[in-house]
Amino acid sequence: MPRPTPESKPRLAPGCRLSDAAGQEATLLMPEGALKLRGPGLQIIRACDGQTTLAEIVKTLQSQFRQADPKKVESDTAEFLEQLNARRAVDFE
Amino acid sequence: MSPQVPPARPERSRRASLPAPFEQSRNPEPQPDRGPQNAACIIGPLALIAEITHRCPLHCVYCSNPLEMKSRAAELSTAQWITVFEQAAKLGTMQVDLTGGEPLARIDLTELIAAARAAKLYTNLITSGIGLTQERLNALAHAGLDHIQLSFQDSAAAPADEFAGANAHEKKLSIAAAIAKHRIGFTLNFVVHRGNLARLDEMIALAENLGAQRVEIAHVQYYGWAAENRSALLPTRAQLDRSLEIIQAAEARLRGRLRVEYVVPDYYARYPKACMGGWGRKLMLIDPSGEALPCHAARTIPNLHFENVTKHSLEWIWQESESFQKFRGENWMQEPCRTCDRRTLDFGGCRCQALMLAGDAAATDPVCSLSPKHELVTSILYRVNESPEIDTGSSQMATLVRPSWIYRPNPS
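Thresholds applied
Residues numbered from 1 in each chain as written. Chains lettered and ligands numbered in written order. Predicted model: local features only at pLDDT ≥ 70, side-chain atom pairs only at ≥ 80, totals over all residues. Heavy atoms only, no water. Buried < 20%, exposed > 50% of the residue type's maximum accessible area, 1.4 Å probe, protein only. Helix = DSSP H or I, 4+ residues; strand = E, 2+ residues; numbered from the N terminus. Pairing = 2+ DSSP bridges. Right-handed = clockwise from strand over helix to strand, strands pointing away. Phe/Tyr/Trp six-rings, centres within 6.5 Å; stacked < 30°, edge-to-face > 60°. Lys NZ or Arg CZ within 6 Å of the ring centre and 35° of its normal. Contact = heavy atoms within 4.5 Å. Axes fitted to C-alpha atoms, helices over the stretch in contact; angles between N-to-C directions. Buried area = accessible area lost by both parts, 1.4 Å probe. Salt bridge = Lys/Arg side-chain N within 4 Å of Asp/Glu carboxyl O. Polar contact = N/O pair within 3.5 Å; in protein donor to acceptor, adjacent residues only side chain to side chain. Nonpolar A, V, L, I, M, F, W, Y, C, P; charged D, E, K, R; others polar. Core = buried A, V, L, I, M, F, W, Y, C linked by side-chain atoms within 4.5 Å. Parallel < 35°, antiparallel > 145°, perpendicular 65-115°, else oblique. Left-handed = near helix turned anticlockwise from the far one by under 90°. pLDDT = per-residue confidence, 0-100. Expected span 1.5 Å × (residues − 1). Arc of directions from axis to C-beta.

## A few points about the pairing of strand S3 (residues 122–127) of chain B
Residue and element names in this part refer to chain B.
Then, in step 1: S3 sits mainly inside the fold: six of its six residues count as buried.
Then, in step 2: Neither face of S3 is open: one carries Tyr-122, Asn-124 and Ile-126, the other Thr-123, Leu-125 and Thr-127, and all of them are buried.
Then, in step 3: Direction of pairing for strand S2 (residues 95–99) relative to S3: parallel, over a ladder of four bridges. Residue Gln-95 lies in a different strand from S3, and its bridge partner there is Tyr-122.
Then, in step 4: Crossover S2 to S3 through helix H2 (residues 109–118) is right-handed.

See below:
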């Protein structure tokens, strides 16, 4: 499953979760290490609930980041999720 | 079982950088200070390796535990371990690796995991699986266990049990099936060596079939019991080359389904590994009795005193103690490390290996091709590659020339 489709519903894989430590920068904890997140990266991970489609995630981001090229928002989001999928940190439902 | 290689999360060599959407990509880890470091600028430890017992039902011929193990009577209590986890979390530690020995040998394992999660740590159980019942697995999941790394010694039962010195393989298969039913991160770990590399394809297939998200293929690192069995474990160059082809093909084929992680055999590498991500830089190991060590084999280094968590705070041990400062930064380095551009990448390699091979813990790790003592390693490899009686598991001679393994015993 190399590339998510607009209908893909990303979900954090088993063993991966957002850190809940108070007062710390949001961190995606994974078996291989940790990824500090903020901005759109954090929003994308928060939306990885297995219910929301990639198309819906992209649409929300595009409406929020109006200064960014909508096509770049779409391709960056797909690539971000694809790389996390390659690390088995995100599944596509 | 114990981690046969330093659990290496923070120092993965082939870390592909993730693109952060719409902005410059960010490094997930704190960047090391480029200049000589002192205790004041050290963050962490990022991960804590909690060797909660040395007791183990397996007797693996490449176990990384020290030759002198800690007895059950010397082990820290539940309350003492919980204090360690809470202190680590306050220091900024994100993850605890519960290992051993076999961590399941501790009857309070569920309690320890619940406490580590309560302290906001990511919890990773490194286990042989032996002793893991359905009920216990449910309890661990309920306690919030994040990830299980389950060891296998081979894809085939007979050689697996030979390397483990115990009948364990069949039990592991049913335990793996039970783990896969839970929403717990699941990695299969294979330690590879001359005796099992012929079945690398089958090992990867086993991980795929057992429903793991990851498979770690880790070449033996020659410390502890592995060093005792080195002549029977070192792979040949031809085996190594073939294994790299298999790994690369598997990575491409399984992308998005099974993550393949690979730990290289440093005897064959051009440059040494960044052992533990650098001495006292990222990791702290606490042994069953509470002794804090910068790495698994640190106790082999003579005239170095290690502190105990029952006597000192984790923060003081990490920041101030002599043992954690001994090889931190660059001031201890000799040539060629001292002026080498790679010193901030590999930190001169492994101190324990430098001691073991070159007789000096401050020397350049002799596996480095730039080391003046590199010939110590090339001569070892020459014997492995030129010796006609070497059994690579593929010939009919295999059953006739079994190595006489030195098995890891159990502590009292």
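## Structural notes on the packing of aromatic side chains
Residue and element names in this part refer to chain B.
Then, in step 1: One pass over the structure, following the stated rule, counts seven aromatic pairs over all chains.
Then, in step 2: Pairing Phe-327 with Trp-332 gives two aromatic rings, centres 5.3 Å apart and planes at 85°, and the pair type is edge-to-face.
Then, in step 3: Of the residues examined, Phe-327 reaches a relative accessible area of 6% and is grouped as buried.
Then, in step 4: Among the aromatic residues, ring-to-ring pairing joins Trp-279, Phe-327 and Trp-332 into one connected group.
Then, in step 5: Directly above the aromatic system of Phe-152 lies the positively charged group of Lys-172, at a separation of 5.7 Å from the ring centroid.
Then, in step 6: Over the ring of Trp-318 we find Arg-328, and its NZ or CZ is 5.0 Å from the ring centre.

## So, the sheet that holds strand S9 (residues 292–293) of chain B
Residue and element names in this part refer to chain B.
Then, in step 1: Strand order in the open sheet formed by nine strands is S7-S6-S5-S4-S3-S2-S1-S8-S9, with mixed pairing between adjacent strands. Across the chains shown, the open sheet's two edge strands, defined by having one partner strand only, are strand S7 (259–263) and S9.
Then, in step 2: Direction of pairing for strand S8 (residues 283–286) relative to S9: antiparallel, over a ladder of two bridges. Each bridged residue has a counterpart across the sheet, and for Leu-285 the counterpart in S9 is Leu-293.
Then, in step 3: Helix H5 (residues 169–180) rests against strand S4 (147–152) and strand S5 (185–192) of the sheet, and its axis sits at about 160° to S4.

## Here's the deal with the interface of chain B and chain A
Then, in step 1: The interface of chain B with chain A comprises 30 residues on the first partner and 39 residues on the second.
Then, in step 2: Counting each side, the surface lost to burial between chain B and chain A is near 3400 Å², with a carbon and sulfur contribution of 53%.
Then, in step 3: For the pair chain B and chain A, the interface holds four salt bridges.
Then, in step 4: Salt-bridge contacts for Arg-17 of chain A lead to Asp-146 of chain B; the nearest nitrogen and oxygen are separated by 2.7 Å.
Then, in step 5: Connecting chain B to chain A are nine residue pairs in polar contact (both at pLDDT 80 or more).
Then, in step 6: Its residues assigned to classes, the side of chain B that touches chain A shows eleven nonpolar, six polar and 13 charged.

## Some words on the nonpolar core
Then, in step 1: Judged by nonpolar contacts, the single largest core of 89 residues is most densely connected at Phe-85 and Leu-188 of chain B.
Then, in step 2: Residues in contact with Leu-188 of chain B, not counting those within four places in the same chain, are Leu-150, Phe-152, Leu-206, Ala-207, Leu-210, Ala-212, Arg-214, Val-215 and Glu-216 of chain B.
Then, in step 3: Within the second largest apolar cluster, 26 residues are counted, among which are Leu-37, Ile-57, Val-73 and Leu-84 of chain A.

## Concerning the sheet that holds strand S3 (residues 27–30) of chain A
Residues and elements named next belong to chain A.
Then, in step 1: Taken together, the three strands give an open sheet; going across it, the order is S2-S3-S4, and neighbouring strands pair in antiparallel fashion. Each having just a single partner strand, strand S2 (17–18) and strand S4 (33–36) make up the two edges of the open sheet.
Then, in step 2: Two strands pair when backbone bridges link them, and S3 and S4 are joined in this way by four bridges, in the antiparallel orientation. If you follow Met-30 over to S4, its bridge partner there is Gly-33.

## Examining the pairing of strand S6 (residues 214–219) of chain B
Residue and element names in this part refer to chain B.
Then, in step 1: Of all six residues making up S6, six are buried, and the element is well covered by its neighbours.
Then, in step 2: Judged from the six bridges that link them, S5 and S6 form a sheet pairing that is parallel. Within the sheet, the bridge partner assigned to Asn-189 lies in S6 and is Glu-216.
Then, in step 3: The pairing of S6 with S7 spans five bridges and is parallel. Paired with Glu-216 across the bridge in S7 is Glu-261.

## Some details on the pattern of salt bridges
Then, in step 1: Evaluated as defined, the whole model comprises 23 salt bridges over all chains.
Then, in step 2: Here Asp-76 of chain A makes a salt bridge to Lys-72 of chain A, at a shortest N to O gap of 3.1 Å. In this pair, Asp-76 of chain A and Lys-72 of chain A are both assigned in helix H3 (residues 70–86), four residues apart and thus about one turn of the helix distant.
Then, in step 3: When its relative accessible area of 12% is taken as the criterion, Asp-76 of chain A is described as buried.
Then, in step 4: Between Arg-106 of chain B and Asp-108 of chain B there is a salt bridge, and its shortest N-O distance comes to 2.8 Å.
Then, in step 5: Arg-106 of chain B gets classed as buried once you look at its relative accessible area, which sits at 5%.

## Brief notes about the packing of helix H2 (residues 54–64) of chain A against H3 of chain A
Residues and elements named next belong to chain A.
Then, in step 1: At a closest axis distance of 10 Å, the pairing of H2 and H3 adopts a crossing angle of 135°. Between H2 and H3, the angle is such that the two are oblique. Crossing angle aside, the handedness with which H2 passes H3 is right-handed. Between H2 and H3, the contacting residues are Leu-54, Ile-57, Val-58, Leu-61 and Gln-62 on the first element and Pro-70, Val-73, Glu-74, Thr-77, Ala-78 and Leu-81 on the second.

## Notes on the environment of Leu-54 of chain A
Residue and element names in this part refer to chain A.
Then, in step 1: Within the secondary structure, Leu-54 is located in helix H2.
Then, in step 2: Measuring from C-alpha to C-alpha, the distance between Leu-54 and Lys-9 comes to 6.0 Å, with 45 residues separating the pair along the chain.
Then, in step 3: Ignoring sequence-local partners within four residues, the contact set of Leu-54 consists of Pro-4, Thr-5, Pro-6, Ser-8, Pro-10, Thr-77, Ala-78 and Leu-81.

## A look at the confidence of the model for chain B
Residues and elements named next belong to chain B.
Then, in step 1: For chain B, the mean per-residue pLDDT works out to 88, and 86% of the residues sit at or above 70.
Then, in step 2: When the criterion is pLDDT under 50, residues 1–16 qualifies, and its contacts beyond four places in sequence or with other chains add up to 71 contacts.
Then, in step 3: Reported confidences for the modelled complex are a pTM of 0.90 and an ipTM of 0.93.

## Focus: helix H9 (residues 237–254) of chain B
Residue and element names in this part refer to chain B.
Then, in step 1: The end-to-end C-alpha distance of H9, which contains 18 residues, comes to 26 Å, matching closely the 26 Å that a straight helix rising 1.5 Å per residue would cover.
Then, in step 2: Of the residues making up H9, those classed as buried are Gln-239, Leu-240, Ser-243, Ile-246, Ile-247, Ala-250 and Leu-254. Taken end-on, H9 shows its buried residues confined to a sector of 125°, consistent with a single buried face. Exposed side of H9, more than 90 degrees from the buried face: Ala-238, Gln-248 and Ala-252 are the residues found there.
Then, in step 3: For H9, the elements touching its buried residues are helix H6 (200–209), S6 and S7.
Then, in step 4: Backbone geometry just after H9 places Gly-256 at a positive phi near 90°.

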